[in-house]
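Survey of secondary and tertiary structure
Here is what each chain is made of, one letter per residue.
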Amino acid sequence: MNNPIPILILGGSDPKPASLPDAGRDKHALRGYKGRDLLIGDRPMIQVVVERLKESGGFDPIYVAGPQEVYQGIPGLEIVDTAGSLGKNLRTGLERLRLLHPGSYLAITTCDILPEPECLQTFLQESRDHMPFDAWFPMIRIPDDREQLGASSWKPTYQVIPQEGREPVSTLPGHLMVINPEAFRLRFAYRLMQIAYRTRNRPIPVRRKEMVRDTLKDLLFEDVRHIFSMRVPRLTWTVISNGLKVAREMKSGTSTLVGLENSIRRIFIRYRHQREFPDRRVHLPIMDALSLAKDIDTEEEARELGGDLSHTPHPIPDGSNQPRG
């Protein structure tokens, strides 16, 4: 259980600046290949990320899903050549890792966080203590002193009740997870992750509307396939009902941690796997690991970490306005 976990870094680009909520109206959204174009000191940000992952001793090998011409020459990095949307990059990267590391847990992160060593050590220790699981995806507790958020104070937060009878906790989603890929409805997960990333900085009601609208056709198609393969066509109802429940409770601050974990498992984990492993869980632990939540979306956040934005960025392929995380 203590073997290093292969990890995929999503290294795509944002072709245009991300939409920011009202709280970030005075910020300046970044575009381009942040992992390569943003320098920390005199090194590409992704190189710093790779070094910190290696120092943790818990992640190896380290892959990036991104264009070969952008990331070639970065030491300690194996490139999965892809230049599509976030969903395509995630699919291409994960499918490559599944071939290279069959039966293994896989980790996923992004190229625009700078994880602190102690956060990585806590993440690794706590996740290993809870294996076997379907997924380990921490929610990050917002400090009582919100000034610690710095230039990231504009990011939308989510209220979660850690235990029955406790007060809700304000959280941000972490940007590092470990999954058992064999448990997941991967085709659906790729699609939903694309939509979630595109709407990541928008209010919950807006995200809920877009996610239902953009996934409904795919869900209905899958249910038709189930009918022809003599399986019960219940995917649409399962995903939509649980998805709306999550959105409603997150918006009202009534979402319990266990309820959220159970709903996420019903949405993403295959029925057969749920039946075979009823005690496995999707874990969404609440952690004090702020560096895992502070992804760099704006110039202000980049400068706060000492980032250099002054050099010419790599060109982004034409023909797409989709986020390429």
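Cut-offs and rules
- Residues numbered from 1 in each chain as written.
- Predicted model: local features only at pLDDT ≥ 70, side-chain atom pairs only at ≥ 80, totals over all residues.
- Heavy atoms only, no water.
- Pairing = 2+ DSSP bridges.
- Helix = DSSP H or I, 4+ residues; strand = E, 2+ residues; numbered from the N terminus.
- Phe/Tyr/Trp six-rings, centres within 6.5 Å; stacked < 30°, edge-to-face > 60°.
- Buried < 20%, exposed > 50% of the residue type's maximum accessible area, 1.4 Å probe, protein only.
- Core = buried A, V, L, I, M, F, W, Y, C linked by side-chain atoms within 4.5 Å.
- Contact = heavy atoms within 4.5 Å.
- Expected span 1.5 Å × (residues − 1).

**As for the sheet that holds strand 2 (residues 39-40)**
Pairing is antiparallel across the open sheet formed by three strands, whose spatial order is 3-2-14. Single-partner strands in this sheet number two, and they are strand 3 (43-44) and strand 14 (307-308). Bridge count between strand 2 and strand 3: two bridges; the pairing is antiparallel. The residue bridging Leu-39 from the neighbouring strand is Pro-44, located in strand 3.

**Points about the packing of aromatic side chains**
Per the counting criterion, the structure on display carries four aromatic pairs. A centroid spacing of 6.1 Å and a plane angle of 35° characterise the contact between Phe-133 and Trp-136, whose relative ring orientation is tilted. In this pair, the class of Phe-133 matches that of Trp-136, namely buried. With a centroid separation of 6.3 Å and 45° between ring planes, the pair formed by Phe-184 and Phe-268 is classed as tilted. Of the two residues, Phe-184 sits in the loop between strand 11 (176-179) and helix 6 (186-198) while Phe-268 sits in helix 9 (residues 257-268), which places them 84 residues apart along the sequence. Note on accessibility: Phe-184 and Phe-268 belong to one class, buried.

**Details of the nonpolar core**
By size, the foremost hydrophobic cluster in this structure holds 46 residues, and its most contacted members are Ile-9, Ile-46, Phe-59, Tyr-71, Leu-77 and Leu-292. Those elements giving two or more residues to this core turn out to be strand 1 (5-10), helix 2 (45-56), strand 4 (59-66), helix 3 (68-71), helix 5 (117-129) and strand 11. The dominant element in this core, judged by the number of residues it contributes, is helix 2, at six residues. Ignoring anything within four residues of it in the chain, the contact list for Tyr-71 reads Gly-11, Gly-12, Tyr-33, Gly-35, Arg-36, Ile-46, Val-64, Gly-66, Leu-77, Ile-79 and Cys-111.

**Looking at helix 2**
Here helix 2 contains 12 residues, and its C-alpha end-to-end distance of 17 Å stays within 8% of the 16 Å for a straight helix at 1.5 Å per residue. Along helix 2, the positions that sit buried rather than exposed are Met-45, Ile-46, Gln-47, Val-48, Val-49, Val-50, Leu-53 and Ser-56. Among the residues trailing helix 2, Gly-57 stands out with phi positive, at a value near 75°.

**Here's the deal with the sheet that holds strand 9 (residues 158-160)**
The strand order 9-10-8-13 describes an open sheet built from four strands, whose pairing is mixed. The strands lining the two open edges of the sheet, one partner per strand, are strand 9 and strand 13 (286-287). Where strand 8 (residues 139-141) meets strand 10 (residues 169-173), three bridges bridge the pair, whose relative direction is antiparallel. Across the sheet, Met-139 pairs through a bridge with Pro-173, a residue of strand 10.

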